[in-house]
Amino acid sequence: MSYESGPYRVSRVLLARPDFRTACETRDFRMAFRLMKKYDGASQNRIASPVEGLSQSRVSRIMQGEDHIARLSLIERIADALRIPGAYFHLAARPWEATSEPGDGVPRSGGAGARPAGPGDEVPPPTAGSASPMAAAAPAESSRPARGGPDSGGLVVEEDRAELRYEDGMYVAHQRRRVLNTGIEPVTRYLMRISVDRFPGDQERSARLYRSNPLRWEELQLSAHCGDEQMSWQVKTDWDALKEVWLLFENNQGRFPLYPGESAWIEYSYRVGEEKWGPWFQRAVRVPTSFLSVVLDFPAEVDPVVWGMETSMTADAFPFRTAIARADAADRRVFTWSTSKPPLHARYRLEWNFRAGATSRNPADRTVPRPSEQMAATGIVQVGDPMLHQPARSFGLPAEAEDARRVVAELSSAMERVSALHTFGKGMGIAAPQIGINRAAAIVRSADGDILTLLNPRVIESAPESDEQYEGCLSFFDVRGIVPRSLELHVEHTDISGRRHITVYRQGLARLVAHEIDHLHGHLYTDRMRPGAAPIPVEQYRGTGSAWTYHP
């Protein structure tokens, strides 16, 4: 057994065990975690601590058979943090595998074993989706194609078109994908997935929802075709929030495999109610793709707003390079976005907000949520959660560069969700603990719209001059409090390559940065207020949407 200090990594001995590989291939994390404990001596906390978004309590529930891991993003984080090769999970080789030395005991991911991810962030790619439940299709996943079986390394996507329509409380997804078999074996089946996440940013809440109200086959009304032929299908995985299905190139009339050099349109559709669907849709590109597009079709009466963020393995999150087109027709509002030749491993995440509220079939249900309820619905951790009072864990850079990029991407996505709900005339910021990640990262958007990324920041000097201004906090957004702050801060922070920098921030930007650094030390602005002072209800505050005032 291994009881080494430092972040836990799966041992070579365990990686070589067939039962561990089988557990990973079937994504049986109950067995995988138990084997880690048995052969590596890894405690639940030791398994969870290196993995962003995985808590010790959730590892415990999984080991007891009370929970499952379905999200592809979390599976990828487990593979990266615990150094489990991608092939073990039928994923493409992980970026860190390329830096592993021969003979280091880490098995390599074979190209044929890698398969694309699909819709839903939890799925593999050339599919539509993301955290919202769009189904994702992927080629067969055996590392060596069986005779007559699919060659997952040989399929490429010529066109990938997804449409999502919302109406009367129901999301209907329709996927069209033109695939080309560039391999040497006929393809006889195609893996598609439907993955849902109602509360992105709050995994515990989503897990509770799907345990009590799982996604059911009968409600999906799944149908699939290859050209004019209806495709039979076979269940592969049946979890509360994740369904995997083999679409078969056959039906009761005969078989129609996709032979080398041939291409065909695969189409499938399904539906999910709004109570189980999350307000985001992510596309992860894991196989060569020539063209990718997505259409979101919403009722105009809900006043929808849509935005998109792109992330990759080598870059921070940033807005889509091209605009999302909007067209208003009759009572519908349609958003369209597309890209040509997207790079492998790129992720395109679309999110939306219904500013007028989703159409409820019961008028009595239409209530205006409090500001704090709106923030909680976007995944912002609310006051009372112990996470807000714990010092955040620093990044070891550049070794943890990938983890840092992932956290910054999550922060950027949260900022976009929040910005759709409120006008921040003074600027705004979000710290990682506010989205449930206990790492020393924050992002700040100035009043002018400039974005600052802060990794491992700490104040090393502050000017004696100070002023008092009202501040708000996304974690208790129903009130505002007047807070004294220094007018100038000298902040030491680290870039992604591990280099240290010292930056001077002044006036409003200094206040924003100080607020976020406080979060990373487990403090709220109420800790900085003068004795006897108390926040006021937001209804009494008159500065919403305007900048702080400073005098020369």
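Here is a short report on the structure shown in this document. (Residues numbered from 1 in each chain as written. Predicted model: local features only at pLDDT ≥ 70, side-chain atom pairs only at ≥ 80, totals over all residues. Heavy atoms only, no water.)

A short note on the overall build of the protein chain
Piece 1. Scanning the protein chain from terminus to terminus reveals eleven helices and 27 strands.
Piece 2. In the protein chain, buried positions account for 54% of the 552 residues.
Piece 3. Within the protein chain, residue pairs in contact and separated by at least 24 positions form 70% of the contacts whose partners lie at least 6 positions apart.
Piece 4. Carbon and sulfur atoms make up 49% of the accessible area of the protein chain, which totals about 23400 Å². (Helix = DSSP H or I, 4+ residues; strand = E, 2+ residues; numbered from the N terminus. Buried < 20%, exposed > 50% of the residue type's maximum accessible area, 1.4 Å probe, protein only. Contact = heavy atoms within 4.5 Å. Areas by Shrake-Rupley, 256 points an atom, 1.4 Å probe, with all protein chains shown as cover.)

Quick word on the side chain of Arg-332
Piece 1. Among the secondary structure elements, Arg-332 is positioned in strand β17 (residues 332-340).
Piece 2. Only 2.9 Å separates the side chain of Arg-332 from the backbone oxygen of Tyr-166, close enough to count as a polar contact.
Piece 3. In this structure the side chain of Arg-332 is engaged in a polar contact, spanning 2.9 Å, whose partner is the side chain of Asp-297.
Piece 4. In this structure Arg-332 touches Arg-165, Tyr-166, Glu-167, Asp-297, Phe-298, Pro-299, Ala-300 and Ala-327, once residues within four positions along its chain are discounted. (Polar contact = N/O pair within 3.5 Å; in protein donor to acceptor, adjacent residues only side chain to side chain.)

Re the pairing of strand β5 (residues 223-226)
Piece 1. Across the two faces of β5 the burial differs, with Ala-224 and Cys-226 buried and Ser-223 and His-225 not buried at all.
Piece 2. Here β5 pairs with strand β11 (residues 263-273) via four bridges, running antiparallel. For Ala-224, the partnering residue across the bridge sits in β11 and is Tyr-268.
Piece 3. As paired elements, β5 and strand β6 (residues 229-230) share two bridges and run antiparallel to each other. Paired with Cys-226 across the strands is Glu-229, a residue of β6.
Piece 4. Connecting β5 to the next strand, β6, in antiparallel fashion are two residues, including Gly-227 with a positive phi near 65°. (Pairing = 2+ DSSP bridges.)

A short note on the layout of surface pockets
Piece 1. Estimated volume of the second largest pocket: approximately 1000 Å³.
Piece 2. Looking at the second largest pocket, it is lined by 41 residues, and the ones nearest its centre are Gly-53, Met-387, Ile-435, Gly-436 and Ile-437.
Piece 3. Listing elements by their share of the lining of the second largest pocket, those giving two or more residues are α4 (44-48), α5 (56-63), α6 (72-82), α7 (203-212) and α10 (401-419).
Piece 4. When residues of the lining of the second largest pocket are assigned to their parent elements, the largest contribution, five residues, is made by α10.
Piece 5. Grouping the constituent residues of the lining of the second largest pocket by class yields 13 nonpolar, 14 polar and 14 charged. (1 Å grid on protein atoms, 1.4 Å probe; cavity = no way out; pocket = protein on both sides within 12 Å on 5 of 7 lines; lining within 4 Å. Points joined across faces, edges and corners; volume = space filled by probe spheres on them. Nonpolar A, V, L, I, M, F, W, Y, C, P; charged D, E, K, R; others polar.)

Overview of the nonpolar core
Piece 1. Core analysis: the biggest nonpolar cluster contains 52 residues, and Leu-247, Phe-249, Tyr-270, Leu-296, Phe-298 and Trp-352 have the highest contact counts within it.
Piece 2. Counting residues in each nonpolar core, the second largest holds 32 residues, with Leu-15, Phe-29, Ile-78 and Tyr-88 among its members. (Core = buried A, V, L, I, M, F, W, Y, C linked by side-chain atoms within 4.5 Å.)

Focus: the sheet that holds strand β23 (residues 466-471)
Piece 1. A sheet is described by the order of its strands in space; here three strands give the open sequence β23-β24-β27, paired in antiparallel fashion. The sheet is open, and its two borders are formed by β23 and β27 (536-537), each paired with just one other strand.
Piece 2. Both strand β24 (residues 479-486) and β27 contribute to a ladder of two bridges, which runs antiparallel. Pairing of Arg-480 across the sheet is with Ile-536, part of β27.

Remarks on the packing of aromatic side chains
Piece 1. Scanning all chains against the criterion turns up 18 aromatic pairs.
Piece 2. Ring geometry for Phe-298 against Phe-354: centres 5.2 Å apart, planes inclined by 75°, an arrangement best described as edge-to-face. Taken together, the residues Phe-298 in strand β13 (residues 291-299) and Phe-354 in strand β18 (residues 347-354) connect sequence positions 56 residues apart. Of the two residues, Phe-298 and Phe-354, neither departs from the other in class, the shared state being buried.
Piece 3. A ring pair is formed by Phe-424 and Phe-477, whose centres lie 6.1 Å apart and whose planes are at 35°; its orientation type is tilted. Separated by 53 residues along the polypeptide, Phe-424 in the loop between α10 and β19 (428-431) and Phe-477 in the loop between β23 and β24 bring together distant segments of the chain.
Piece 4. For Phe-424, a relative accessible area of 16% translates into the label buried.
Piece 5. Through a chain of ring-to-ring contacts, the aromatic side chains of Tyr-166, Tyr-171, Trp-277, Phe-298, Phe-335, Trp-352 and Phe-354 assemble into a single cluster. (Phe/Tyr/Trp six-rings, centres within 6.5 Å; stacked < 30°, edge-to-face > 60°.)

Regarding the sheet that holds β17
Piece 1. Taken in spatial order, the eight strands of this open sheet run β6-β5-β11-β3-β2-β13-β17-β16, and their pairing is mixed. The two strands at the open ends of the sheet, each matched to only one other strand, are β6 and β16 (325-329).

Topic: the environment of Trp-233
Piece 1. Locating Trp-233 in the fold gives a position in strand β7 (residues 232-238).
Piece 2. Relative accessible area serves as the criterion here: at 36%, Trp-233 is assigned to the partly exposed category.
Piece 3. Sequence separation between Trp-233 and Arg-189 is 44 residues; the distance between their C-alpha atoms is 8.8 Å.
Piece 4. Those residues in contact with Trp-233, other than ones at most four positions away along the chain, are Trp-217, Leu-222, Val-245, Trp-246, Leu-247 and Leu-248.

Brief notes about the side chain of Arg-417
Piece 1. Within the secondary structure, Arg-417 sits in helix α10.
Piece 2. Residue class for Arg-417 comes out buried when judged on its relative accessible area of 8%.
Piece 3. A polar contact is formed between the side chain of Arg-417 and the backbone oxygen of Thr-378, at a distance of 2.8 Å.
Piece 4. In this structure, Arg-417 is in contact with Pro-200, Trp-307, Arg-349, Glu-351 and Thr-378, ignoring residues within four places of it in sequence.

Here's the deal with helix α11 (residues 507-520)
Piece 1. For α11, built from 14 residues, the straight-helix expectation of 20 Å at 1.5 Å per residue is met to within 8% by its first-to-last C-alpha distance of 20 Å.
Piece 2. Counted residue by residue, α11 has twelve buried out of 14 residues, so it is predominantly covered.
Piece 3. The complete set of buried residues in α11 reads Gly-508, Ala-510, Arg-511, Leu-512, Val-513, Ala-514, His-515, Glu-516, Ile-517, Asp-518, His-519 and Leu-520.
Piece 4. In the segment just after α11, Gly-522 is the residue with positive phi, at about 80°. (Expected span 1.5 Å × (residues − 1).)

Section: the pattern of salt bridges
Note that side chains of opposite charge can pair when their charged atoms are close.
Piece 1. Using the criterion set out here, one finds 41 salt bridges in the structure.
Piece 2. For Glu-76, the salt bridge is made with Arg-347, and the minimal N-O distance between the two is 1.8 Å. Placement of the pair is Glu-76 in helix α6 and Arg-347 in strand β18, with a sequence separation of 271 residues. Comparing Glu-76 with Arg-347 shows no difference in burial state: the two are buried.
Piece 3. Arg-176 is the salt-bridge partner of Glu-267, the closest N and O atoms lying 3.5 Å from each other. (Salt bridge = Lys/Arg side-chain N within 4 Å of Asp/Glu carboxyl O.)

Keep in mind these values describe shape, not function.
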